[in-house]
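Examination of the molecular architecture
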Amino acid sequence: LAAQLSLSLTECPGTGSAQAGRAAACQGCPNQGLCAAGAAGPDPAEAAELRARLRAVRHTVLVLSGKGGVGKSTFSALLAHGLAADETKQVALLDIDICGPSIPKMMGLEGEQVHQSGSGWSPVYVEENLGVMSVGFLLSSPDDAVIWRGPKKNGLIKQFLRDVDWGEVDYLIVDTPPGTSDEHLSIVQYLSATHIDGAVIVTTPQEVSLQDVRKEINFCRKVKLPIIGVVENMSGFVCPKCKNESQIFPPTTGGAEKMCQNLNVSLLGKVPLDPQIGKSCDRGQSFLAEAPESPATLSYRNIIQRIQEYCEQHHFQEEKIM
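Think of each chain on its own: its residues are numbered from 1, step by step along the sequence as written. A pLDDT threshold of at least 70 governs which residues receive local features in this predicted model, and a stricter bar of 80 or more applies before side-chain atom pairs are shown or counted, although totals over entire chains, interfaces and linings include all residues. To obtain the side-chain values, all non-hydrogen atoms of the structure were used and water was disregarded.

Named according to an unreviewed UniProt entry, the chain is NUBP1 factor originating from Chaetorhynchus papuensis.

See below:
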């Protein structure tokens with residue numbers, strides 16, 4: 001059984017392949033029927049609805065990590081804050097972590113609720129140019145558990161994309177849960193009706209994290225999701241008093257830098273540990289604004305600039321093809 005599972009995972013043709021659900025490696029996969037029936041993506045009517053709703057979204061960036069606890073939601077929140085610092089840009093942050101929605105807390109929006117208008121659900125706004133949507137806004141209490149099976153989660157993700165009135169948006173940032181399953185397949189498949197600039201993959205330096213992140217990179221390649229690059233989070237800690245640097249999460253196998261070299265993926269940057277980041281998130285404030293001179297802030301700004309440059313180049317290439 002272990003050998004069969006290993007073969008199946010290694011040789012999965014990917015949901016976009018003509019062999020999806022039909023290849024030998026698909027035998028025994030719980031999604032075989034969906035893939036074989038061509039149900040891996042939205043049907044033409046759904047696709048048209050999604051295109052109509054998202055036609056005014058210029059760039060879409062997914063934030064992924066195969067590992068939990070690496071700071072993915074923190075990165076998503078600060079990426080949104082960093083992009084929205086340019087008041088000429090309209091930014092949207094979509095939280096599809098259905099079971100662990102932490103974005104409302106990090107963005108200072110706990111207790112807010114979604115309002116419906118004639119044009120659909122309205123995002124909850126942090127600033128005039130920064131809107132947020134999360135299942136956290138639909139819960140009666142932040143302590144409520146969402147106990148849903150895959151189909152219901154997938155339905156809510158589709159609803160967020162189809163029914164939220166995002167309006168004119170320069171950047172749509174999608175914060176995802178850990179792993180490579182239901183929510184990830186759903187968001188990629190639904191957005192395939194429009195476009196995705198690519199994914200930013202977040203990791204920490206130690207091998208136990210990199211092991212799962214390699215799976216995430218493999219997932220992106222299987223579903224033909226472009227990889228913008230990898231961010232190494234919690235990369236060392238500099239003591240504010242003695243200035244000595246400690247490796248809280250030792251990069252025993254070379255860290256993200258070595259992994260990126262081996263897998264031919266861009267390393268966007270390394271963000272050092274800073275206790276102020278956690279404090280800012282707990283207060284729902286932007287760490288970038290509260291600690292503008294911190295080494296972590298400078299690293300974030302460099303990474304955000306590289307993501308913007310990638311998106312602009314990606315958009316330019318798409319326009320040339322069209």
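This part is about the overall build of the chain. A count of helices and strands for the chain gives 12 helices and 12 strands. The long-range share in the chain, meaning contacts at least 24 apart out of those at least 6 apart in sequence, stands at 75%. For the chain, the computed accessible surface area is about 15500 Å², with 51% contributed by carbon and sulfur atoms. A helix here means a DSSP run of H or I that spans at least four residues, while a strand means a run of E at least two residues long, and both kinds are numbered starting from the N terminus. Only heavy atoms matter for contacts: two residues are in contact if any of them lie within 4.5 Å across the pair. Computed with a 1.4 Å probe, the accessible areas rest on the Shrake-Rupley method; for each residue, only the protein chains presented here act as cover.

As a further point, take the confidence of the model for the chain. Every residue gets a pLDDT, meaning the predictor's confidence in that residue, from 0 to 100. Of the residues in the chain, 87% reach a pLDDT of 70 or more, and the chain-wide mean stands at 87. Looking across the chain, the model is least confident in helix H1 (residues 2-11), with a mean pLDDT of 44, and most confident in strand S9 (residues 227-232), with 98. Under a pLDDT of 50 for its full length, residues 1-9 has, in the predicted model, three contacts with residues more than four places off or in other chains.

Criterion for a salt bridge: a side-chain nitrogen of Lys or Arg within 4 Å of a carboxyl oxygen of Asp or Glu. Tallying each qualifying case throughout the model produces 12 salt bridges. Note that glutamate 46 and lysine 158 form a salt bridge whose closest N and O atoms lie 2.4 Å from each other. Taken together, the residues glutamate 46 in helix H3 (residues 44-54) and lysine 158 in helix H6 (residues 150-163) connect sequence positions 112 residues apart. The class of glutamate 46 is buried, set by a relative accessible area of 17%. Across the salt bridge formed by lysine 72 and aspartate 175, the nearest N and O atoms sit 3.8 Å from each other. Taken together, the residues span a long stretch of sequence, with lysine 72 in helix H4 (residues 72-84) and aspartate 175 in strand S7 (residues 169-175) at a distance of 103 residues. Relative accessibility decides the category of a residue: with a 1.4 Å probe and only protein chains considered, values under 20% of the type maximum give buried, values over 50% give exposed, and everything between is partly exposed. On the basis of relative accessible area, lysine 72 is assigned to the buried category, the value being 7%. By relative accessible area, which is 0% here, aspartate 175 ends up buried. Here the salt bridges share partners, and the residues they tie into one network are Lys67, Asp212 and Lys215.

Okay, the nonpolar core next. Only buried Ala, Val, Leu, Ile, Met, Phe, Trp, Tyr and Cys residues count toward a nonpolar core, and they belong to the same one when joined by side-chain atoms within 4.5 Å. Counting 84 residues, the largest nonpolar core has Leu62, Phe75 and Ile307 as the members making the most contacts within it. With seven residues, the single largest contributor to this core is H4. If we skip the residues at most four places from it in the chain, isoleucine 307 touches Val61, Phe75, Leu79, Val200, Ile228 and Leu268.

Turning our attention to the environment of proline 205. Within the fold, proline 205 resides in the loop between strand S8 (198-203) and helix H8 (207-222). You can call proline 205 buried: its relative accessible area is 0%. For the pair proline 205 and threonine 252, spaced 47 residues apart in sequence, the C-alpha to C-alpha distance is 8.0 Å.

With that out of the way, let us pick up the packing of aromatic side chains. For Phe, Tyr and Trp, where Trp contributes only its six-membered ring, two rings pair if their centres lie within 6.5 Å, and the inter-plane angle classes them as stacked under 30 degrees, edge-to-face over 60, or tilted in between. Going through the model one piece at a time under the given rule, you end up with two aromatic pairs. Ring geometry for phenylalanine 75 and tyrosine 300: centres 5.9 Å apart, planes at 25°, overall stacked. Of this pair, phenylalanine 75 sits in helix H4 while tyrosine 300 sits in helix H12 (residues 295-321), placing them 225 residues apart in sequence. Like phenylalanine 75, the residue tyrosine 300 is buried in the burial classification. Plain terms: the ring middles of tryptophan 121 and phenylalanine 160 are 6.0 Å apart, the flat faces sit at 65° to each other, and that makes the pair edge-to-face. Note that tryptophan 121 is positioned in strand S4 (residues 120-122) and phenylalanine 160 in helix H6, a separation of 39 residues in sequence.

Glancing now at the pairing of strand S6 (residues 130-134). Within S6, five of the five residues are buried, leaving the element largely enclosed by the surrounding structure. Neither face of S6 is exposed, since Leu130, Val132 and Ser134 on one face and Gly131 and Met133 on the opposite face are all buried. Note on pairing: DSSP must find at least two bridges between two strands before they are called paired. Two elements, strand S2 (residues 91-95) and S6, share five bridges in a ladder whose sense is parallel. Each bridged residue has a counterpart across the sheet, and for valine 91 the counterpart in S6 is leucine 130. Bridging between strand S5 (residues 124-127) and S6 involves three bridges; their strand directions are antiparallel. Bridge pairing in S6 places valine 124 opposite valine 132.

The convention used is that axes are lines fitted to C-alpha atoms, helices contributing only their stretch in contact, and that angles between N-to-C directions extend from 0 to 180 degrees. At a minimum axis separation of 11 Å, H8 and helix H9 (residues 255-263) run at an interaxial angle of 35°. In terms of crossing hand, the pair formed by H8 and H9 is right-handed. Along its contact with H8, which presents Leu210, Val213, Arg214, Ile217 and Arg221, the element H9 presents Gly255, Ala256, Met259 and Leu263. We call a crossing left-handed when the near helix sits turned anticlockwise from the far one by less than a right angle, and right-handed when that turn is clockwise.

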